[in-house]
Amino acid sequence: MPPVDPTPASPPTYWRSLEERADSPEFREMVEREFPGEVWESLPPATRRGFLKVMGASLALAGLAGCRWPKEEIVSFSRPAGYTPGVPLRYATSIDRSGVGRGLLVVSYDGRPIKVEGNPKHPGSLGAADAIDQASILDLYDPDRSRYPISREAGTRRAQSWEDFERFVSGRLATARTRRGAGLAILTEATSSPSVADLRRRLAESAPEARWFEYEPLTQDNERIGASIAFGKPMRPLYHLKEAAIIVCLDADPLGADPSAIPHARDFAEGRRSADQGSMSRLHVIESGFSITGSMADNRHAILSREIPAVAAQIALGILGAEASSLALAAGPEPRRFVAAIVEELLAHRGRSLILAGPGQPPEVHALVHRLNEALGNFGHTVELALAPDPERPTHRDAILSLAAAIDAGAIETLVILGGNPAYDAPADLDFAGLLPKVPVSIHLSLHENETSKLTTWHLPRAHDLEAWGDTRASDGTIGVAQPLIEPLYGGRSPIEILSILVDSRPLDGHAIVRRTHGIDGDDSEAAWRRILHEGVMSGTAFPLEMAAMRPAEILARFASLGPPAGDPGGLELVFRRDAKVHDGRFANNGWLQEMPDPLTKITWDNAAILAPSTARELGLQADDRVRLSYNGREVDAAVYVLPGHAAGSVTLNLGYGRTAAGRVGNDAGFDFYRLRGSEALHFASGLSIRKIGGKHAFACTQNHHTIDAIGLRGMERRLGELFREADLAEYKAHPEFAKHRIHDPGSHQLYPPHDYSEGPQWGMAIDLNSCTGCGACVVACVAENNVPVVGRDQIRRGREMHWLRIDRYFRGGEEAPQIAHQPVACVQCENAPCEQVCPVSATVHTREGLNAMAYNRCVGTRYCSNNCPYKVRRFNWFNFHKETSETEKMGMNPEVTVRGRGVMEKCTYCVQRIEAVKIVSKNEGRRIRDGEITPACAQTCPTQAIVFGDLSDPESRVSKLHGHARAYGLLEEINTRPRTQYLAKVRNPIPGAGSPIPADGLEEHHG
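The paragraphs below set out a description of the structure included in this document.

Cut-offs used in this document
- Residues numbered from 1 in each chain as written.
- Predicted model: local features only at pLDDT ≥ 70, side-chain atom pairs only at ≥ 80, totals over all residues.
- Heavy atoms only, no water.
- Buried < 20%, exposed > 50% of the residue type's maximum accessible area, 1.4 Å probe, protein only.
- Helix = DSSP H or I, 4+ residues; strand = E, 2+ residues; numbered from the N terminus.
- Pairing = 2+ DSSP bridges.
- Right-handed = clockwise from strand over helix to strand, strands pointing away.
- 1 Å grid on protein atoms, 1.4 Å probe; cavity = no way out; pocket = protein on both sides within 12 Å on 5 of 7 lines; lining within 4 Å.
- Points joined across faces, edges and corners; volume = space filled by probe spheres on them.
- Nonpolar A, V, L, I, M, F, W, Y, C, P; charged D, E, K, R; others polar.
- Phe/Tyr/Trp six-rings, centres within 6.5 Å; stacked < 30°, edge-to-face > 60°.
- Contact = heavy atoms within 4.5 Å.
- Axes fitted to C-alpha atoms, helices over the stretch in contact; angles between N-to-C directions.
- Parallel < 35°, antiparallel > 145°, perpendicular 65-115°, else oblique.
- Left-handed = near helix turned anticlockwise from the far one by under 90°.
- Salt bridge = Lys/Arg side-chain N within 4 Å of Asp/Glu carboxyl O.
- Expected span 1.5 Å × (residues − 1).
- Arc of directions from axis to C-beta.

### Structural notes on the pairing of strand 10 (residues 246–250)
- Of all five residues that make up strand 10, five are buried, and the element is covered over most of its length.
- The two faces of strand 10 match: Ile246, Val248 and Leu250 on one face and Ile247 and Cys249 on the other face are all buried.
- Note: strand 10 against strand 13 (residues 353–357), five bridges, orientation parallel. If you follow Cys249 over to strand 13, its bridge partner there is Leu356.

In structure tokens:
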């Protein structure tokens, strides 16, 4: 690709990529061809004879599909008493991720879990679920999961039974017990499970010499240590973003990467909705690379991660005054210009402000943030403290270093690894993969036979979270119970069951272990137990709140002694981040997550070395260039992605890729940046060098796919109005209807007669752009609900992704400091639908309830409807993507939704299967459908409740009121499609005088 001119003569107001902003010839060609990549080159040239052949075959196949079906033998389902076959049941359960519990409701059909939702009674989910939660169904039915225990002796891999393992381990345990556990070590992931804590206590009693280690590559250790510095005991801060008028994030991503992102996002959205009452929160974000929280910022400042402590010190000097004089050296000689404005706002909003630090920042920064929140009077308002009775333990970094040293010294004879993958994700300088063979007996429990399993003497299949009993704790301490939704498909066992083998004289199953932990024994407590299982949470189990005494002298002394970050300060900065799709790498074999576009880069099936445009130019690099990254004697080859708004001089590396033993989906995808990550710098460091090695890497990136203006609207946007509309708060107050366009009134003249809407409800949707964070949970929820296939990297490169819902990501402003806007786009259910007018076989039709419906059995694949759709939301099945689906994967499909084959067009249906299910119930009960009774999958999972669905014929419904809102507008409403989905324009709240998002020359057009 030729260099992109960064300064076009007249850049568009909103742009998706640097290529679009420069209006490069490649971008123009892609838009005109509609399907990016080598789509048309892969097809034969079109001729009249060829067209008739294809059409004849298509019509014949359509006729065959309509009258023939395969013959199958049906086996009756042995249903439990009182169960009606085909009726979905919902069960409450809980999962643990990175040591924080989250409550779920799982939909099960005839004993098969098929869909995950959030548990509204659990404080960690509040009824919502993120993309990884939604994709857990695919992990459950993953055909690459381990199926039986495996032993390796003398280089021989041998399948075993659980009885074989228990016989083997009983001898090892007998020897260990005689030595009080000496030589025995347990390595676990981060866990909040009370049952694990109880089993650990029991192990310490029976084998006091046994050693326990906890390691996970991405943790909240710095926050925990920072609280100990500030308060002298293990306090856990609980943040209330909806109570904060001013929020300052120092390298923090509370709306995205945080374990409590769902409740944080819900709180934040509540604070933004108050814009309709004339006030709203203001979000300041200081970070190196764009995060989800940064994309929502009113004022964002891109600086190096290593400079965040200096900014924290500058804020402290402004708030604490003489008390913080010892921080003058750490603050540097010249404070940044934006710091004074932030300090002024914080002081003006005492008790209604909030400062947060990210997990990558040193513990001293977290401790200082606690002092600042206290000085601002935020405790008891925007911050509460819970006394978390965490056991005294080393940090995850210190734990893995200590374990590695013990192995190297020959002190570990039996190592039991419960989950995790340290051979892949442990610090590179430890060479944990090289140490494992030194342990005489090593046992690894995991879902897959991964990089660590291949090096241990025993590998054990792990039960999936939806197959096992367990318990968790939310951030506030609330206990949730996990119950199995299905018998373990491959006979796996849970970590607590393996621990019971090590601890109990007679091993217990998971059910008995959990009940023992919580003292639920005997028939008299059965009713309480059933109530807990029904609710999914144990009421009254949250950590007690208390106001701990601050230790300001200790905080300031520790911060003043904070040294520089690791590495050579003269080189580039490298920053390690959690990947939004595969987390730390554990979900690499999940196709739903791999195919979900990254919220910021829109890359699928990959990761990249992310640079700022200015840094790329300085290094002579362009997007997709292959490079060699070198840091502290370690090297990794990767490819470059240029992201506007990234801090100059910094390189962001998302972890979790480059797996070699993940499974057929995750193997060899992306680049393994763990090979650069040493124990001296787990989060960021200086001294990175980049060298171009030649060649290009073709990312499967969706950022320019399905561009709305591909049908000839390009250049009309300035006349017709922006696809994404926003204003600042002052402008919104002055012109409440800024989002309305009055340049064209279609009137009542229509080419076709109007639809008859005299009967039944009229369905519609409203999407609040002020709340949407672009997290992607709705995209994966739609995939899970509607049996949307995974198409793979090659098809994504060709522009053939099948997602019914996409999230358009727009930039606004200059390439070095742009703002980001997120806009979910699915079929908007046009009342004057262009697709319906051109379909030759009436496969796309209009219902009396206002839906644009698809009759798959009629579709012959002309794709005329897609060509005529201005929103580019229809997807064509180029191949039978379900052909290779395994039998276990078929178990996870939604039986209420047709599984589409090759050659048909498909798109969003507003989850019509959910509509019909509620219609049947309401009809049988002789009542009207209640507002909110029907919730599509995207709306149900949304953490911020940005999507609202309902009946437009009911003037009291939420969706009707939102359609009448001052900020409501229709996408491309000027071409008279009359969309049923309306958007509520975004309102930002920048510091007064910082500039309005609406260009001055567009005010007259916006306000009529």
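What follows continues from the structure just given.
### Quick word on the pairing of strand 8 (residues 211–214)
- Strand direction decides the pairing type here: strand 7 (residues 184–188) and strand 8, joined by four bridges, are parallel. Residue Ile186 lies in a different strand from strand 8, and its bridge partner there is Trp212.
- With respect to chirality, the unit in which strand 7 leads through helix 6 (residues 194–206) into the neighbouring parallel strand 8 is right-handed.

### Describing empty space enclosed by the protein
- Applying the stated criterion to the full structure yields 14 cavities of 30 Å³ or more.
- As for the second largest cavity, its lining consists of 22 residues, of which Pro597, Lys602, Thr702, Arg806 and Ile807 are closest to the centre.
- A per-element tally of the lining of the second largest cavity places strand 31 (residues 806–812) first, with four residues.
- The residue inventory of the lining of the second largest cavity, partitioned by class, reads seven nonpolar, seven polar and eight charged.

### Some remarks on the packing of aromatic side chains
- On inspection of all chains with the given rule, the structure shows 13 aromatic pairs.
- Consider the rings of Phe231 and Phe379, whose centres lie 6.2 Å apart with planes at 85°: the pair is edge-to-face. Here the residue Phe231 occupies a position in helix 7 (residues 221–231), and Phe379 occupies one in the loop between helix 13 (363–375) and strand 14 (383–387), the gap between them amounting to 148 residues.
- In this structure Phe379 comes out as buried when scored by relative accessible area, which is 12%.

### Remarks on the environment of Leu574
- Locating Leu574 in the fold gives a position in strand 21 (residues 572–577).
- Each C-alpha atom, one on Leu574 and one on Arg677, is 9.6 Å from the other, the two residues being 103 residues apart in sequence.
- Setting aside its immediate chain neighbours within four residues, Leu574 contacts Tyr631, Val651, Leu653, His683, Phe684, Ala685, Ser686 and Leu688.

### Here we look at the sheet that holds strand 18 (residues 470–473)
- Overall, antiparallel pairing links the three strands, which are arranged 18-19-20 in an open sheet. Edge positions in the sheet fall to strand 18 and strand 20 (537–538), since each of these pairs with one other strand and no more.
- For strand 18 and strand 19 (residues 479–482), the ladder comprises four bridges, and the chain directions are antiparallel. Looking at the pairing, Thr472 lines up with Gly480 of strand 19.

### Considering the packing of helix 7 against helix 13
- Packing of helix 7 against helix 13 brings their axes to within 7 Å, and their N-to-C directions diverge by 50°. Judged by the inter-axis angle, helix 7 sits oblique to helix 13. Pair helix 7 / helix 13 crosses with right-handed handedness. Residue-level contacts link Asn222, Glu223, Ile225, Gly226, Ala227, Ile229, Ala230 and Phe231 of helix 7 to Pro363, His366, Ala367 and His370 of helix 13.
- Considered class by class, the residues forming the contact of helix 7 with helix 13 number seven nonpolar, four polar and one charged.

### Considering the environment of Arg473
- Relative to the elements of secondary structure, Arg473 occurs in strand 18.
- For Arg473, a relative accessible area of 22% corresponds to the partly exposed category.
- For the pair formed by Arg473 and Val537, sequence separation is 64 residues and the distance between their alpha carbons is 9.4 Å.

### What about the pattern of salt bridges?
- As enumerated under the stated definition, the model contains 66 salt bridges in all.
- Measuring nitrogen to oxygen at the nearest pair gives 2.8 Å for the salt bridge that ties Arg157 to Glu449. A residue pair is termed long-range when its members are at least 10 positions apart, and Arg157 in strand 6 (residues 156–159) and Glu449 in the loop between strand 16 (441–446) and strand 17 (458–461) qualify at 292 residues.
- Classification of Arg157 by relative accessible area gives partly exposed; the value is 46%.
- Ionic pairing is found between Asp198 and Arg201, a salt bridge with its closest N-O pair at 2.6 Å. Residue Asp198 and its partner Arg201 are located together in helix 6, separated by three residues, close to a single helical turn.
- Asp198 sits in the buried class, given a relative accessible area of 12%.

### A short note on the packing of helix 13 against helix 20 (residues 552–560)
- Running from N to C, helix 13 and helix 20 cross one another at 140°; their axes reach a closest spacing of 9 Å. Helix-helix and strand crossings are classified by hand; for helix 13 and helix 20 the assignment is left-handed. Residues Glu364, Val365, Ala367, Leu368 and Arg371 of helix 13 form the contact with helix 20, whose participating residues are Pro552, Ile555, Leu556, Arg558 and Phe559.
- Of the residues assigned to the contact of helix 13 with helix 20, the class counts are seven nonpolar, no polar and three charged.

### Things to note about helix 14 (residues 396–408)
- Here helix 14 spans 18 Å end to end across 13 residues, near enough to the 18 Å set by a 1.5 Å rise per residue.
- Among the residues making up helix 14, those that are buried are His396, Ala399, Ile400, Leu403, Ala404, Ala406 and Ile407. The arc enclosing the buried residues of helix 14, seen along the axis, measures out at 165°, which places them on a common side.
- Those residues of helix 14 that are buried are in contact with strand 7, strand 8, helix 7, strand 15 (414–418) and helix 16 (432–435).

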